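# Structural characterization, general
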Amino acid sequence: MLVSLDTPYVDTCAADLSLALGGPERPALHVRDLTLPGDVRLRLRLLGASHQVVLTTPAGADATAAARPGGADGLVETVACLPGRPPHLPGDLHDEAGGYRFTATVLRPAEGELRFRMAALRADLADDPYALVGVFPGDPDAVTALAVRPDPPDGTVGWRTWHAYPQTNELVLTETVVTLPGTPQPVLRAPQSRTKEAP
């Protein structure tokens, strides 16, 4: 789903972003609710130049799910400029107990490439029933997009996001995979930097 947003684009950059797990739903510019097989529910939320995903799994899940930020039957992921906390967007975060895996990559595309990438992204996801793409007024490359993975590994749910900052020529890509209750957990790995210069 492609939506044109009325709210002016707020200048920010990749270095201003943080990852937060848990906490309340924040004011959103647009929301899309999805229901996946097994009564797994996802709420995709556009927050200005950032995003929030709310995952709800069926109640009464096993004890592993209780370790997730957000409670025994859900998870809240927010990537945003969060007032009151220092910016920190980890390249890799693997929470073994909670069954949560997150990666973030910051790209600085070659001249003209960001415009090409955003045009392709808008075209690819415009009619996707499991995606939400927000385009801000004033710059068609000022885009925040979320898409649920159509083919995650068995026993998981996953999504990807794109945050384009044309004023700094940056593109932030994130990918999340959450292991559903009753599935073996991923191996915990140390965080590492994933900031890259695009060729």
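Look up: the structure comes first, before these words.
Given the structure is predicted, the values throughout are model-derived calculations rather than measurements. (Residues numbered from 1 in each chain as written. Predicted model: local features only at pLDDT ≥ 70, side-chain atom pairs only at ≥ 80, totals over all residues. Heavy atoms only, no water.)

### Some thoughts on helix α1 (residues 113–125)
Helix length check: α1 (13 residues) gives 18 Å between terminal C-alpha atoms against 18 Å at 1.5 Å per residue, within 8%. Listed in full, the buried residues belonging to α1 are E113, L114, M118, L121, R122 and L125. Projection of α1 onto a plane perpendicular to its axis shows the buried side chains occupying an angular sector of 165 degrees, all on one side. Projecting away from the buried face of α1 at angles above 90 degrees are the exposed residues R115, F116, A123 and D124. (Helix = DSSP H or I, 4+ residues; strand = E, 2+ residues; numbered from the N terminus. Expected span 1.5 Å × (residues − 1). Buried < 20%, exposed > 50% of the residue type's maximum accessible area, 1.4 Å probe, protein only. Arc of directions from axis to C-beta.)

### Thoughts on the sheet that holds strand β2 (residues 18–21)
If you trace the 5 strands from one edge of the open sheet to the other, you get β2-β6-β5-β4-β3, paired in antiparallel fashion. Two strands lie at the open edges of the sheet, namely β2 and β3 (30–36), each paired on one side alone. Direction aside, neighbouring strands of the sheet carry axes that sit 15 degrees apart on average. As paired elements, strand β5 (residues 50–56) and strand β6 (residues 74–80) share 6 bridges and run antiparallel to each other. (Pairing = 2+ DSSP bridges. Axes fitted to C-alpha atoms, helices over the stretch in contact; angles between N-to-C directions.)

### Description of the nonpolar core
Of all hydrophobic cores here, the largest spans 28 residues; its most connected members are L42, L89 and V157. Looking at this core, the elements that each hand over two or more residues are β3, β4 (40–47), β5, β6, β8 (100–108), β10 (143–148), β11 (156–165) and β12 (170–179). Ignoring sequence-local partners within four residues, the contact set of L89 consists of L17, S18, L19, V79, F102, A104 and V172. Grouped together as the second largest cluster of nonpolar side chains are 14 residues, M118, V135, A145 and A147 included. (Core = buried A, V, L, I, M, F, W, Y, C linked by side-chain atoms within 4.5 Å. Contact = heavy atoms within 4.5 Å.)

### Points about unusual backbone geometry
Notably, D39 is not glycine yet its phi reads approximately 60 degrees, a positive angle. Checked against the element boundaries, D39 lands in the loop between β3 and β4. On the basis of relative accessibility, which here comes to 38%, the residue D39 falls in the partly exposed class. The phi dihedral of N169 falls on the positive side, at around 50 degrees, and the residue is not glycine. As for its placement among the helices and strands, N169 is situated in the loop between β11 and β12. For N169, a relative accessible area of 28% corresponds to the partly exposed category.

### Quick notes on the environment of A110
For A110, the location among the structural elements is in the loop between β8 and α1. For A110, a relative accessible area of 34% gives the class partly exposed. Measuring from C-alpha to C-alpha, the distance between A110 and N169 comes to 8.6 Å, with 59 residues separating the pair along the chain.

### Description of the pattern of salt bridges
Scanning all chains against the criterion turns up 9 salt bridges. The shortest N-O distance in the salt bridge between R41 and D39 comes to 3.2 Å. Judged by relative accessible area, which is 46%, R41 ranks as partly exposed. We note a salt bridge from R115 to D141, for which the minimum N-O separation is 3.2 Å. Of this pair, R115 sits in helix α1 while D141 sits in the loop between β9 (131–135) and β10, and the two are 26 residues apart along the sequence. Each of E25, D33, R43 and R45 takes part in salt bridges that share partners, so that together they form one network. (Salt bridge = Lys/Arg side-chain N within 4 Å of Asp/Glu carboxyl O.)

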